[in-house]
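# Summary of structural features
So the chains spell out like this:
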Amino acid sequence: MSSANFLPKLSSPDVQQAAQLIQQAYSSAQAQVDQRRIQQELVEIQKRPEAWGLIVPFLEYPDPNVQFFGAHTAQVKIMRDWDSFPDENAEHLRDLLLKLTSHSILTGKGKVVCRKLFVAITSLALRIAPGSPSRWPDWIVSAVNSLSSSGMPPEQLLAFLTIVAEEVETADLLGSSKMQMHQSLLDASPMVVQAVVISITRPSLILPELQSALKCFQAWIYTLRANDITPIIPLLITIMTPAPDSGFDESTFSAASDVLQEIMTRSSLAGGAGASTLTEPLLVWLDAYGDRAGSVDGVSHSLCKLLVALGDHSTTYFASNITSLKPRAYFVQKFLHLLLKYTGLPGYYGVDEEASEMTLGFWYLFQESLWSVERVVPSLVDVEEKEQWAVVNAVYVQLVEVLRRKVMWPDQQYRRDVGDTLINAYYILRNDMMRYYLEDMQKRFAQPNGSQGWEEIEATLHCIMSIQEAVPLEDNPFLARLFGPDCQDRIRRTMLGLIAAYSTWFTTQPKSPTPSSTPSLLMNAISYVVAALPEPALCLPAANALRDLCDSNRAALAPHIGAFAELHAGLSGIPDTEKSKVLQSIASVIQALPPEEEIPPIHAIISPVVERLAQALHVSSSLLDETRFIIISQLQTLSGVAKGLTRTQDSLLILDESPEERAEAERLQRAPTLWSTDAGVSDALSDFFRSITSLPSDTTLLSLPAAPIFEIICLACQRQLTAVWLSLANMLVIQLDPPTLFTASTLKSAPSPEALGVISTLLPLLLETSLGMLGQPGAMEANPDIVQAFFGCMDTIAKHFLVVFYRLPPGALDALMQCAVTSLSLQERYSLVATCTFLVLETLIRRTASSDDLGDASTILIQGHGRPILQAILCGFAGVAPRSATQNLIELLSIVASKFPAETRTWMNDILFADDFVQSKASPEAKRAFVKAIIGKRGRQAQQFTLVARGLEGTSFGYASVNI
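Residues numbered from 1 in each chain as written. Predicted model: local features only at pLDDT ≥ 70, side-chain atom pairs only at ≥ 80, totals over all residues. Heavy atoms only, no water.

We now examine the overall build of the chain. What the chain contains, in helices and strands, is 47 helices and zero strands. The buried share of the chain, reckoned over its 964 residues, is 49%. Roughly 43,600 Å² of accessible area belongs to the chain as shown, and the carbon and sulfur atoms make up 53% of that amount. (Helix = DSSP H or I, 4+ residues; strand = E, 2+ residues; numbered from the N terminus. Buried < 20%, exposed > 50% of the residue type's maximum accessible area, 1.4 Å probe, protein only. Areas by Shrake-Rupley, 256 points an atom, 1.4 Å probe, with all protein chains shown as cover.)

This part covers the confidence of the model for the chain. When pLDDT is averaged across the chain, the result is 84; 86% of the residues are at 70 or more. Below a pLDDT of 50 lies the segment residues 649–657, which in the model reaches 14 contacts outside its immediate sequence neighbourhood of four places, other chains included. Across residues 955–964, where pLDDT falls below 50, the model places 23 contacts with residues more than four positions away in sequence or in other chains. (pLDDT = per-residue confidence, 0-100. Contact = heavy atoms within 4.5 Å.)

Relative to the elements of secondary structure, P751 occurs in the loop between α35 (723–736) and α36 (753–774). A residue is classified by how much of its surface remains accessible, and P751, at 24% relative accessible area, is partly exposed. With 15 residues separating them along the chain, P751 and L736 place their C-alpha atoms 7.9 Å apart. Residues in contact with P751, not counting those within four places in the same chain, are D737, H800 and F801.

Our focus in this paragraph is the pattern of salt bridges. Per the stated rule, a full pass over the model turns up 23 salt bridges. Residues D81 and K77 are paired through a salt bridge, measuring 2.8 Å at the closest nitrogen-oxygen approach. Exposure remark for K77: the relative accessible area of 1% places this residue in the buried category. D258 is the partner of K305 in a salt bridge, and the nearest nitrogen-oxygen pair spans 4.0 Å. A residue pair is termed long-range when its members are at least 10 positions apart, and K305 in helix α15 (residues 297–313) and D258 in helix α13 (residues 250–266) qualify at 47 residues. With a relative accessible area of 27%, D258 lands in the partly exposed category. One continuous salt-bridge network, built from bridges that share partners, spans D287, D291, K334 and K341. (Salt bridge = Lys/Arg side-chain N within 4 Å of Asp/Glu carboxyl O.)

Moving on, we get to the side chain of N321. For N321, the location among the structural elements is in helix α16 (residues 315–321). The class for N321 is buried, based on a relative accessible area of 7%. Within the structure, the side chain of N321 is placed 2.8 Å from the backbone oxygen of Y317, a separation counted as a polar contact. Within polar-contact distance, the side chain of N321 engages the side chain of R328 at 3.4 Å. (Polar contact = N/O pair within 3.5 Å; in protein donor to acceptor, adjacent residues only side chain to side chain.)

To describe a pair of aromatic rings, you give the distance between the ring centres and the angle between the ring planes. Under the counting rule described, the total for this entry stands at 25 aromatic pairs. When the ring of W505 is compared with that of F506, the centres are 5.4 Å apart and the planes differ by 75 degrees; the resulting orientation is edge-to-face. Overall, F506 belongs to the buried group, its relative accessible area being 0%. Here the aromatic residues Y317, F318, F335, F362, W363, F366 and Y396 are joined through ring pairs into a cluster of three or more. If you follow R94 out to its NZ or CZ, it ends over the ring of W136, 5.6 Å from the centre. The ring of F913 has K927 lying over it, and the distance from NZ or CZ to the ring centre is 5.8 Å. (Phe/Tyr/Trp six-rings, centres within 6.5 Å; stacked < 30°, edge-to-face > 60°. Lys NZ or Arg CZ within 6 Å of the ring centre and 35° of its normal.)

Axis angle and axis distance: for two packed helices, these are the angle between their axes and the distance between the axes, and together they describe the pair. Put simply, helix α21 (residues 431–446) and helix α22 (residues 454–466) touch, their axes get as near as 10 Å, and they point 160 degrees apart. Taken together, the axes of α21 and α22 are roughly antiparallel relative to one another. Between α21 and α22 lies a crossing whose hand is left-handed. From α21, M434, Y437, L438, D440, M441, R444 and F445 reach across to α22, where they touch E456, I457, T460, L461, C463 and I464. By residue class, the composition of the contact of α21 with α22 is nine nonpolar, one polar and three charged. (Axes fitted to C-alpha atoms, helices over the stretch in contact; angles between N-to-C directions. Parallel < 35°, antiparallel > 145°, perpendicular 65-115°, else oblique. Left-handed = near helix turned anticlockwise from the far one by under 90°. Nonpolar A, V, L, I, M, F, W, Y, C, P; charged D, E, K, R; others polar.)

Looking now at helix α46 (residues 924–935). Between its terminal C-alpha atoms α46 stretches 17 Å, which fits the 16 Å expected from twelve residues at 1.5 Å a residue. Where α46 is concerned, the buried positions are K927, F930, V931, A933, I934 and I935. (Expected span 1.5 Å × (residues − 1).)

A few words on the side chain of T223. Within the fold, T223 resides in the loop between α10 (207–220) and α11 (226–229). The class of T223 is buried, set by a relative accessible area of 10%.

All right, on to the packing of helix α34 (residues 706–719) against α35 then. Running from N to C, α34 and α35 point in directions that differ by 155 degrees, and their axes come no closer than 10 Å. Between α34 and α35, the crossing angle belongs to the class labelled roughly antiparallel. In the packing of α34 onto α35, the handedness of the crossing is left-handed. For the pair α34 and α35, contact is made by A706, A707, I709, F710, I713, A716 and C717 and by W725, L726, L728, A729, L732, V733, Q735 and L736, respectively. A class-by-class count of the residues in the contact of α34 with α35 yields 14 nonpolar, one polar and no charged.

P133 follows S132 through a cis peptide bond whose omega is 0 degrees. Checked against the element boundaries, P133 lands in the loop between α6 (111–128) and α7 (139–149). Positive phi, normally seen in glycine, also occurs at R430, with a value near 55 degrees. Relative to the helices and strands, R430 resides in the loop between α20 (412–429) and α21. Accessibility expressed as a relative area gives 37% for R430, which makes it partly exposed.

For the rest of this paragraph, the subject is the environment of L224. Summarising the element assignment, L224 is placed in the loop between α10 and α11. L224 gets classed as buried once you look at its relative accessible area, which sits at 2%. It is 6.4 Å that separates the C-alpha atoms of L224 and S189, two residues lying 35 residues apart in sequence. Residues in contact with L224, not counting those within four places in the same chain, are S189, V193, F217, I229 and S268.

With that settled, the discussion passes to the environment of I464. The residue I464 is located in helix α22 in this model. The exposure class of I464 is buried, given its relative accessible area of 0%. Linking I464 and L422, residues 42 residues apart in sequence, is a C-alpha distance of 8.8 Å. Apart from the residues lying within four places of it in its own chain, the contact partners of I464 are M434, Y437, L438, M441, L482, L498 and Y502.

Structure representation (structure tokens):
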């Protein structure tokens, strides 16, 4: 084209060679490795200034793939290389792009090519339209007039306007430029609305043009004013209305429905606006055509989405008018009827229908709106209020009936989703809901063949279980009638879950004064649960239910300890996995006894477990599956008992370490020797150790001191360093220096000499093991969980036992600091944050610098490691570390600079201006300003330096615009 003489000129052989490269990239015959190489070559070609000269010849090339690359190059060059484009040629490029676009459409080039050209035009407008004066005033109207005058059809003009709205809305603009571009959309809105109206009101609708118009209007909805949208609504409703002779048109119905949904969710009419122009016309249409549309396969799903959108938009309208003037009340109730039909749509969720799930959110919003309306309309007379709530109750009773049918076995997914909606219904119906469920079950149990309807009964029990959190902890006659015998395993499984869910409700019920008196509801439930334990299909839910009942009702069950002793004696047929839960249940009841009465029953349930564990360790010389399972199950059982003995109140019982406790600890010390490298056993041991060690406020009969356990953990780390062991060591450090109890002083006392001795002995072992492993090439990158856990443990030790770091063997602290500096360069955020926390936050550097007891340790620490730390921090700012960790690096830099300003200034200058510093986009001026800001205690400037160094300055949220 002669008008393209301002662009670089390329010879025909160069154009041909580049075109062939594109064709090779799209060729399926090329190997994947070759295609990646070719793609990279094409990227490099686009980066060159000469690439501007490829746009026109590529668009004129016969191959559609080359044409697309030409249009794509126009967009890419405008977006990425605009700063190097001659400013005086901007208007020439604008005119050229408009001509190329018109020519491409009129000559029948592909839609993807034309779309790319639309994006290129909009990208250019984003560059030159903002500013004063604008270099492209009224650019949308101007572009449309230019394209239209060339003969471009309405369908393509609408497609262009769609791109305009989408690109401007997502453009990375700031300040006045953003406001100017938004104003350009507002100025063009009347033209857009007029174009849409013309296209959707033609006597003979042209389907492609209609779809393009609706899509365009949908893209502009966010910008349009309410006055622009309102005239379109009746036209959209007309499009959805079936023709008398042909019925619903699936494609046009869905397109119009999508636009209406967008109006109700994203436009200026969202949030309940437009009751008379949007809500009521849709309700009238739904009354006339809703049932019919719902029966058409291709239309039904779109109709459901429309109902859900209308429900979310007009919830307050429905709550206010459910019993108002007759026409409004009728239409609202018809809407609720349609929504209930979708809520109860037959079929399994996720298999042959998903519409039911979409409707659930409405019922919560409707419930909230009903309460709100009741509060803001206090003038309702009693008769009107009773009428309103009678209708509301009738609606929610239908909802409860529908949902009970929907949760019938075996559809598990829908059960999880429906629980919140059932709670919403309970808040409306209260005990009427319970009455409905109980009476329905009683009727089914009374039928001669009641077992044939077990699915309905089980579904009812599940519904009652789902609303447990909403049911008050007070006397409830319907719950009192509920806990009795029934049939069918599936019903019993749900009943066991129901008992577990209501375990806290039993705490409010009358207790049996003695074991020989009439059983209480609680003991009835216990008996029901215990009876299910021997049955394999019911053992697991029964064990869970027993655990929850005993944990919540300890004091009430303590008088019945004899019955629990009998239960313990009869556990031989119960699997070990469930037995641990049963023993935890028994331990919960034992904990409610007076302390002197706890020891015999605890000894009775613990001894067999410890003996079996000892036998397994004694006979095992290799990691056999059977032995491994025994060890894990026995450790889980001991953990369960320990958890059961944990008190639910803040009562304290400080016991001295007994010979039995020491003997038990000695038996367990052998476990890490054989099993510390097995992940399953490690997890079980970790859980067990957490259960039998505690702060003073949580001490139980099974609690052991932390020191010997810490020693065991260090031995386990020597065999296999894992995050599990390190996190457990972290917890034990806190227990070695627990918070002081019952003291008026707010000052933390110094750790005991014994605890200090334990850490002094074991920290060198832990460091030798950890640093030896993490010092291997690639180990820190491959094990971020270990890095995070290690520095978390070091952080805790520094908080509680700081002096120990300065009593380490020669070279140990230096090795630790070198490891910390290395980890500051990791790409994994949590590892880096853990390191920064160890170095800064109330720990090593800060506490060392502020301690009067460590002499010149602070100076020695910084002189030896300050410069490497700063090197890692500054390299992190320049791009080595992830941006999400910038704030942590800033805190570390600030503490070093505040404690050692002179050294910091010298080191920063040396590092930033060194030849081997990380390549970045920070100029020497930016580096000098950065140093000055940090020394001047303006730490926030580090964030700005990070953006400058990474080339992100001036972009919104610090991210550069990148289009591909």
